[in-house]
Amino acid sequence: MISYKDSGVDIDEGNALVEGIKPLVKSTFDKNVIGGIGSFAGAYALPSGYKNPVILGATDGVGTKLRLATLSHKFDSIGIDLVAMCVNDLICNFAMPLFFLDYYATGKLEKHITLEVISGIAQGCKLAQCALIGGESAEMPGMYAKSDFDLAGFAVGIAEREDVEKQAVVAGDVLIALPSSGLHSNGYSLARKVLFEHLKMSFTQEFEGQALIDLLLTPTHIYVPLFRDIYHSALYPYLHGLAHITGGGIVENLPRILPTGLGAKINVKSIQTPPIFTFLGRYVEKNEMYRTFNMGVGMILAVDKKYTDEILNLAQPFNGYIVGEVSEQSGVYFV
């Protein structure tokens, strides 16, 4: 007789994985989590204190950064990237992340790799102060090569309806940049093309004092703690907008928070660009660089110019700095 295991799916390995995941997941729980894991759905009680609450959702993956993690057998931080890409989007709509779920699909379930990935997801949830309330691990031989896997994440947050619907950004607002930790999770297809196909560089080759692969796998910054600090301060009304700088760079993401007719002037000389972008820029046209990579800016805040110093003070742990201002001329201009 032919068993499920003969076809490439190991039920026992999957059950063992669930047992290994339980303590990781439980470590992210807060008082609003109802029950544990193992049910058909995760349950989360709505926090109190909201006048007119709305629920927001965000989903994302980590792109071909995952390929570098797979090829280098470094799986400890890719889960942080997954959480970051979702929760950083939520706060751009003034939503406080509540909980997270993940989807992990592979050709061959290897428990130690999966646990390492999910451990990173749990760590990301702790950084974002949200609960990991569930997920799915799927073993699908024939869909994925044996060593390949894919990741998707799903984050849910809560906000006041008036905050979600408002368009508070006005001309004269100051733009504060929060530095990225590197490429974050965008532009890796182009980076891989330049570094490993064109230049034939190796993972272990030193770049700026560390192995190139370690630099490239540096996890995406999670900016939720700063949003929480501002949200719970008297400065919250003066935070007019947040733009997560992901695929498309500053030129495509910043306009997403600008009302019709307004634009942004960016002081290009003020951008704190890490050496990896300067290096890649030797082989990629400038315009292509700015519409592919974050260029060292992970998030941009639009704030009331009267309260710039106070918000910059709160942003000190993230090394925030002024990068430009909102203008009455539509479009993003580098001056």
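Each value, and the rule that gives it
Residues numbered from 1 in each chain as written. Predicted model: local features only at pLDDT ≥ 70, side-chain atom pairs only at ≥ 80, totals over all residues. Heavy atoms only, no water. UniProt positions renumbered as here; feature names shortened; annotations may be inferred. Salt bridge = Lys/Arg side-chain N within 4 Å of Asp/Glu carboxyl O. Helix = DSSP H or I, 4+ residues; strand = E, 2+ residues; numbered from the N terminus. Buried < 20%, exposed > 50% of the residue type's maximum accessible area, 1.4 Å probe, protein only. Polar contact = N/O pair within 3.5 Å; in protein donor to acceptor, adjacent residues only side chain to side chain. Contact = heavy atoms within 4.5 Å. Phe/Tyr/Trp six-rings, centres within 6.5 Å; stacked < 30°, edge-to-face > 60°. Lys NZ or Arg CZ within 6 Å of the ring centre and 35° of its normal. Pairing = 2+ DSSP bridges. Axes fitted to C-alpha atoms, helices over the stretch in contact; angles between N-to-C directions. Disulfide = S-S within 2.5 Å. Core = buried A, V, L, I, M, F, W, Y, C linked by side-chain atoms within 4.5 Å. Parallel < 35°, antiparallel > 145°, perpendicular 65-115°, else oblique. Left-handed = near helix turned anticlockwise from the far one by under 90°.

In the nomenclature of an unreviewed UniProt entry, the protein corresponds to Phosphoribosylformylglycinamidine cyclo-ligase from the organism Helicobacter japonicus. Taken directly from UniProt, the Subcellular location (unreviewed entry) text for the protein runs: "Cytoplasm".

Colleague: Explain the pattern of salt bridges to me, and be specific about the residues and the numbers.
Modeller: A complete count under the given rule lists seven salt bridges for this structure. Close ionic contact of K74 with D214 constitutes a salt bridge, the shortest N to O distance being 3.5 Å. Residue K74 is located in the loop between α2 (65-72) and α3 (78-91), and its partner D214 is located in helix α7 (residues 212-216); the two are separated by 140 residues in the primary sequence. A residue is classified by how much of its surface remains accessible, and K74, at 33% relative accessible area, is partly exposed.

Colleague: Outline the side chain of S72, listing residues and values.
Modeller: Examined against the element boundaries, S72 turns out to sit in helix α2. For S72, a relative accessible area of 15% translates into the label buried. Of the polar contacts made by the side chain of S72, one reaches the backbone oxygen of L68; its length is 2.7 Å. The contact partners of S72, leaving out residues within four places of it in the chain, are F203, I213 and L217.

Colleague: Give a detailed account of α2, specifying residues and quantitative values.
Modeller: It helps to recall that an α-helix has 3.6 residues per turn; residues three or four apart then point in one direction. Of all eight residues that make up α2, six are buried, and the element is covered over most of its length. Within α2 the residues assigned to the buried category are K65, L66, L68, A69, T70 and S72. In the core, the buried residues of α2 are packed alongside α3, β6 (149-160), α6 (188-198) and α7. Residue H73 follows α2 closely and has a positive phi angle near 60 degrees.

Colleague: Quick rundown of the environment of G324? Include the residues and the values.
Modeller: With respect to the element layout, G324 can be found in strand β13 (residues 321-327). Classification of G324 as buried rests on a relative accessible area of 15%. The sequence separation of G324 and G172 amounts to 152 residues, and the corresponding C-alpha distance is 9.7 Å.

Colleague: Account for the packing of aromatic side chains, naming residues and giving values.
Modeller: Under the criterion given, the structure shown has 15 aromatic pairs. Judged by centre distance (4.7 Å) and plane angle (65 degrees), the ring pair of Y231 and Y236 falls under edge-to-face. Assessed through its relative accessible area of 22%, Y231 is described here as partly exposed. Note that K166 overlies the ring of F94, its terminal NZ or CZ placed 4.6 Å from the centroid. For K166, the ring lying beneath its charged end belongs to Y236, and the centroid distance is 5.3 Å.

Colleague: Which residues make up the sheet that holds strand β3 (residues 53-60), and what values go with them?
Modeller: With mixed pairing, the four strands of this open sheet are ordered in space as β3-β6-β4-β5. Strands at the two margins of the open sheet, each flanked by one partner only, are β3 and β5 (131-139). Geometrically, the sheet is characterised by an average inter-axis angle of 15 degrees between neighbouring strands, direction not taken into account. In terms of strand pairing, strand β4 (residues 96-106) meets β5 through eight bridges, oriented parallel. Note that in β5 the partner of A105 across the bridge is A138.

Colleague: Please give an account of the state of the cysteines that cites residues and values.
Modeller: The full count for this structure, using the stated rule, is zero disulfides. A disulfide-free cysteine, C92 has its sulfur positioned 12 Å from the sulfur of C86, the nearest such atom. Free of any disulfide, C130 has its nearest cysteine sulfur in C125, 4.0 Å distant. By relative accessible area, C130 is classed as buried at 1%.

Colleague: Which residues make up the sheet that holds strand β11 (residues 263-266), and what values do they have?
Modeller: The mixed open sheet is built from six strands, whose spatial order is β10-β12-β7-β13-β11-β14. Only two strands of the sheet have a single partner each, and these edge strands are β10 (239-244) and β14 (331-334). Strand-to-strand twist of the sheet, defined as the mean angle between neighbouring strand axes without regard to direction, takes the value 25 degrees. This element, helix α8 (residues 224-231), spans β7 (174-179), β10 and β12 (297-303) of the sheet and lies at about 170 degrees to β10.

Colleague: Break down the nonpolar core for me, with residues and values.
Modeller: Formed by 108 residues in total, the largest nonpolar core has its most connected members in F100, L254 and L301. The element best represented in this core is α3, accounting for nine residues.

Colleague: An account of the packing of α3 against helix α4 (residues 111-128) is requested, with residue identities and associated values reported.
Modeller: Look at α3 against α4: their axes get within 6 Å of each other, and the N-to-C directions meet at 40 degrees. Between α3 and α4, the angle is such that the two are oblique. Every pair of crossing elements has a handedness; the one defined by α3 and α4 is right-handed. Contacts between α3 and α4 pair I78, G79, I80, L82, V83 and V87 from the former with V117, G120, I121, Q123, G124, C125, L127 and A128 from the latter.

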